[in-house]
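In case you want the letters, here they are:
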Amino acid sequence: MESLLVKIGGSLKGAAELLEEIAAYPGPLVLVHGGGPNIGEWLGRLGFETHFHNGLRVTPPEQMEVVEMVLSTLGKQLAHGLSARGRNAVALTGRDAGLLEARLLEPELGRVGEVSGVKTEVLECLIQAGITPLVAPIGLDGEGALNINADTAAGAIAGALSLPAVFLTDVVGVLRDPKDPATRYARLTRGEVRDLVAQGVISGGMIPKVEAALNALDRGAPWAAIARGERGVLQGVLSGQAGTRVVL
Ligand SMILES: Nc1ncnc2c1ncn2[C@@H]1O[C@H](COP(=O)(O)OP(=O)(O)O)[C@@H](O)[C@H]1O
Ligand SMILES: CC(=O)N[C@@H](CCC(=O)OP(=O)(O)O)C(=O)O
C-alpha cells in the first residue's frame, strides 16, 4: 500500500472517527498535525490577544512558549490515540534530531518561520521500524523555536520525502461556494488556484493549504489532495473519488 504524508488540521481536534481512519490505513504514514484552535484557546485563557496576518498567527516571543506547549501536548495525545488503536505512533516536533530547520519569515510576525531544511533521517528510521511519526510544526533557527503553519510544514516534509501529501480538514475539498459541499473542485491547476485566490473564492485557512500542496509538488511529491477528515477518506483520495487534487 502506498506511503502517504497526511496533514491533520487542528480544526478536526483529533476526532475519534479520524483516528480510526488513520490507524486503519494499511500502508506507512507520516503525519503532520496542526492545532490552531487549541493554541487560540490557550492564548485566550492566559490573557493573550491573538492576531492573524495572511492566515499566519502573529507570534510574539512571549507567546511562542504557549504555542510550543500546546502543539507538543496535542502531538502526544494524537500519538496515544493512534497507539491505542493499534498503530504505534511517536510525536515529534521540529526540535527533534534537527527535523525542521527554519528561518524567520518577517520580523513583524514575531517568531513565525518558514521551512529552510528538512532532516528526514529520524522519520525514515521510524518508518523503517514500523512506527508512525507525528510532527508538530515547530521549527528551529539560531535563536530557538519558530511557529510554522502546519500546512506549510506538511508540504515541505512531503516534498523532502517525495510522498503524496493529503491535507485533511473540515471541508470536503476546495469549494466554489464554501457553504455548499456540492461545489467541490475535483482537480485544480496552479493557474486555477491563483485565479481563485485572486477572486477571493479561496480564502483564510485554505490559502496556506493550496500553497503547501503546490509547494509539495514543486519539491517532489507525486501528488497532493485536500479532503475532509472522515471515515473512508484515504481510500477515497487514493482512488480520486474524494477531495480536491492539486496539480501543477
Ligand atoms: N474555497 C474554499 N473552499 C473550502 N474551504 C474554504 C475555502 N476558502 C476558505 N475556506 C475555509 O478554509 C477552512 C479550512 O482551513 P482551516 O480552518 O485552516 O483548517 P485546518 O485547521 O484543517 O487547517 C474551511 O473550513 C473554510 O472555512
Ligand atoms: C504561524 C502559524 O499560523 N502557525 C499555526 C500553527 C498551527 C496550525 O497551523 O494549525 P492548523 O493546521 O490547525 O491551522 C498557528 O499558530 O495556529
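Please read all numbers here as calculations on a predicted model, not as lab measurements.

1. Some details on the site of ligand 2
The local shell around ligand 2 holds 14 residues, among which Lys-7, Gly-10, Arg-57, Asn-147 and Ala-150 are the closest. With respect to ligand 2, the backbone of Gly-36 contributes an N or O atom lying 3.0 Å from an oxygen atom. A distance of 2.9 Å is found between a nitrogen atom of ligand 2 and a side-chain nitrogen or oxygen belonging to Asn-147. Elements with a contribution of two residues or more to the shell around ligand 2: helix 2 (36-45) and strand 4 (56-57). It is helix 2 that provides the largest number of residues to the shell around ligand 2, a total of three residues.

2. Examining the site of ligand 1
As a matter of local geometry, ligand 1 sits amid 16 residues, with Ser-11, Thr-169, Asp-170, Val-201 and Lys-209 nearest to it. Within the contact set of ligand 1, an oxygen atom lies 2.9 Å away from a side-chain nitrogen or oxygen of Lys-7. The separation between an oxygen atom of ligand 1 and a polar main-chain atom of Gly-10 is 3.5 Å. Protein chains shield 78% of the accessible area of ligand 1, which is 580 Å² for the free molecule. Residue composition of the shell around ligand 1, grouped by class: six nonpolar, seven polar and three charged.

3. Topic: the packing of aromatic side chains
One pass over the full model with this rule turns up zero aromatic pairs. Above the face of the Trp-42 ring, Arg-45 is positioned so that its terminal group lies 4.3 Å from the ring centre. Over the ring of Trp-223 we find Arg-245, and its NZ or CZ is 3.9 Å from the ring centre.

4. Overview of the nonpolar core
Among soluble globular proteins, nonpolar side chains are generally buried collectively. Judged by nonpolar contacts, the single largest core of 40 residues is most densely connected at Leu-5, Leu-123, Ile-157 and Val-174. Taken together, the elements giving at least two residues each to this core come down to strand 2 (29-33), strand 6 (100-104), helix 4 (121-128), helix 5 (150-161), strand 11 (165-169), helix 6 (190-198), helix 7 (206-219) and strand 13 (224-228). Examining the composition of this core, we find that seven residues originate from one element, helix 7, more than from any other. Leu-82, Trp-223, Ala-227 and Val-233 belong to the second-largest nonpolar core, a separate cluster that totals 25 residues.

5. Examining the pairing of strand 1 (residues 4-8)
Burial within strand 1 is extensive, with five of its five residues counted as buried. Examined bridge by bridge, strand 1 and strand 2 share five bridges and lie parallel to one another. Looking at strand 2, one finds that Leu-5 is bridged to Val-30.

6. Considering the side chain of Thr-93
Within the fold, Thr-93 resides in strand 5 (residues 89-93). The contact partners of Thr-93, leaving out residues within four places of it in the chain, are Ser-72, Leu-99, Ala-136 and Ile-138.

7. Quick word on the side chain of Glu-68
With respect to the helices, strands and loops of the structure, Glu-68 is situated in helix 3 (residues 61-84). Assessed through its relative accessible area of 15%, Glu-68 is described here as buried.

8. Thoughts on the pattern of salt bridges
Scanning the entire structure with this criterion turns up eleven salt bridges. Of the charged contacts, one joins Glu-230 and Arg-228 as a salt bridge, the two residues approaching to 3.2 Å between their closest N and O atoms. Glu-230 sits in the partly exposed class, given a relative accessible area of 31%. With relative accessibility at 32%, the residue Arg-228 sits in the partly exposed group.

9. Digging into the environment of Glu-106
With respect to the element layout, Glu-106 can be found in the loop between strand 6 and strand 7 (113-118). Classification of Glu-106 as partly exposed rests on a relative accessible area of 34%. Note: C-alpha distance between Glu-106 and Lys-179 (73 residues apart in sequence) is 33 Å.

10. Considerations on the UniProt feature "site: Transition state stabilizer" (unreviewed entry) in the chain
Here, UniProt's "site: Transition state stabilizer" (unreviewed entry) annotation points to Lys-7 and Lys-209. These annotated residues cover 203 residues of sequence, and their C-alpha atoms all fall within 9.8 Å of one another, placing them together at a single site. Beyond its immediate chain neighbours, meaning those up to four positions away, Lys-7 contacts Val-32, Gly-34, Ala-150, Asp-151, Ala-154, Val-166, Phe-167, Leu-168 and Lys-209. A polar contact is formed between the side chain of Lys-7 and the side chain of Asp-151, at a distance of 2.9 Å. Looking at where Lys-209 falls in the secondary structure, it is placed in helix 7. When sequence neighbours within four positions are dropped, the list of residues in contact with Lys-209 reads Lys-7, Asp-151, Phe-167, Thr-169 and Ile-226.

Rules used throughout
Residues numbered from 1 in each chain as written. Chains lettered and ligands numbered in written order. Predicted model: local features only at pLDDT ≥ 70, side-chain atom pairs only at ≥ 80, totals over all residues. Heavy atoms only, no water. Near = heavy atom within 4 Å. Polar contact = N/O pair within 3.5 Å; in protein donor to acceptor, adjacent residues only side chain to side chain. Helix = DSSP H or I, 4+ residues; strand = E, 2+ residues; numbered from the N terminus. Areas by Shrake-Rupley, 256 points an atom, 1.4 Å probe, with all protein chains shown as cover. Nonpolar A, V, L, I, M, F, W, Y, C, P; charged D, E, K, R; others polar. Phe/Tyr/Trp six-rings, centres within 6.5 Å; stacked < 30°, edge-to-face > 60°. Lys NZ or Arg CZ within 6 Å of the ring centre and 35° of its normal. Core = buried A, V, L, I, M, F, W, Y, C linked by side-chain atoms within 4.5 Å. Buried < 20%, exposed > 50% of the residue type's maximum accessible area, 1.4 Å probe, protein only. Pairing = 2+ DSSP bridges. Contact = heavy atoms within 4.5 Å. Salt bridge = Lys/Arg side-chain N within 4 Å of Asp/Glu carboxyl O. UniProt positions renumbered as here; feature names shortened; annotations may be inferred.

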